[in-house]
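Results of the structural survey
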Amino acid sequence: DVKVTQSSRYLVKRTGEKVFLECVQDMDHENMFWYRQDPGLGLRLIYFSYDVKMKEKGDIPEGYSVSREKKERFSLILESASTNQTSMYLCAHTTSGATPGNVQFFGPGTRLTVL
Amino acid sequence: AQSVSQHNHHVILSEAASLELGCNYSYGGTVNLFWYVQYPGQHLQLLLKYFSGDPLVKGIKGFEAEFIKSKFSFNLRKPSVQWSDTAEYFCAVIHNNAGNMLTFGGGTRLMVKP
């Protein structure tokens, strides 16, 4: 069974705080992704990584950074949280390298509220 | 840039009604298409996918989708919905120049009345 874990299901932070969201997968997959999910907007890609220490910007990278020091772990960082970053954050990974169309497996999500 | 449109944001049906959720995408090249489902309080799960071959794709739980290239569409269908189909449904597209980058539609919330 594929397993993706995210560090917290619910998180409440204050404006200006630094926030770390962590994602761990146990399938030895190269590609990992961070999305945010907002009502009516679907899922929007923030950043993705196709290997350790490699990262690429997605559609909405502003205000975020990422870290991939180990293959199984992909962290999303909000350097200075703002209220417009209140959202559901989803981590995902794919089954193999750069082949298009591989199925993405999603974690349970972290609902972040920034006050 | 690639975009995906789901025309119905909220759909309410009675049990046994037929379902069709629309999905249109903007990219004209080769694409891979997906429908994901998110049941209340659960992870996103893959419902079905189209890569090539027969444009009518069958997925889990009696769902199917038809890829119509000329219409840039990949509509999801089920002939008879159940209360347990209450969920949010997302259409997603990868075009072959984008590696594994999925573009999602805005989602459709389906409520099935018992």
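One can find the structure itself at the top, above this paragraph.
Note that residues are indexed from 1 along each chain, following the sequence as it is written. Going through the entries in the order they are written, you letter the chains from A and number the ligands from 1. Only residues with pLDDT of 70 or above have their local features reported here, since the model is predicted, and side-chain atom pairs are shown and tallied only from 80 upward, although totals for entire chains, interfaces and linings are computed over all residues. Only heavy atoms go into the side-chain values, all of them from the structure, while hydrogens and water stay out.

Some words on the overall build of chain B
- Think of it this way: any DSSP run of H or I at least four residues long counts as a helix, any run of E at least two long counts as a strand, and we number them from the N terminus. When its secondary structure is counted, chain B shows 0 helices and 12 strands.
- Its helices and strands taken in sequence order, chain B reads β-β-β-β-β-β-β-β-β-β-β-β from the N to the C terminus.
- Taken over C-alpha atoms, the radius of gyration is set against a globule rule of 2.2 Å times the number of residues to the power 0.38. Taken against the 2.2 N^0.38 rule, which gives 13 Å for 114 residues, the C-alpha radius of gyration of chain B at 14 Å falls within 12% of a compact globule.
- Counting only residues that meet the buried cut, chain B has 48% of its 114 residues in that class.
- By the convention used here, residues are in contact when the closest approach between their heavy atoms is within 4.5 Å. In chain B, once contacts between residues fewer than 6 apart in sequence are set aside, the share between residues at least 24 apart is 55%.
- Here chain B displays about 5300 Å² of accessible surface, and carbon together with sulfur accounts for 53% of that area. Exposed residues in this analysis have more than 50% of their type's maximum accessible area, buried residues have under 20%, and partly exposed residues fall in between, with area computed by a 1.4 Å probe over protein chains only. Residue burial considers only the protein chains on display, and all accessible areas are found by Shrake-Rupley using a 1.4 Å probe.

Some thoughts on the overall build of chain A
- Along chain A, the regular secondary structure elements total 0 helices and 11 strands.
- The order of helices and strands in chain A, counted from the N terminus, is β-β-β-β-β-β-β-β-β-β-β.
- Referenced to the eigenvectors of the C-alpha coordinate spread, the extents of chain A come out at roughly 40 × 30 × 25 Å.
- Across the 115 residues in chain A, those meeting the buried criterion constitute 49%.
- In chain A, the share of contacts with a sequence separation of at least 24, taken over all contacts with a separation of at least 6, comes to 55%.
- Carbon together with sulfur atoms contributes 50% to the accessible area of chain A, which is approximately 5500 Å² in total.
- Asp and Glu count as negative and Lys and Arg as positive, but His and the ends of the chain are not part of the count. Throughout, a charge is located at the NZ atom of Lys, the CZ atom of Arg, the CG atom of Asp or the CD atom of Glu. Distance between charge centres in chain A, computed from 15 positive and 14 negative side chains, equals 6 Å.

Everything listed here is a matter of coordinates, which is why it stays silent on function.
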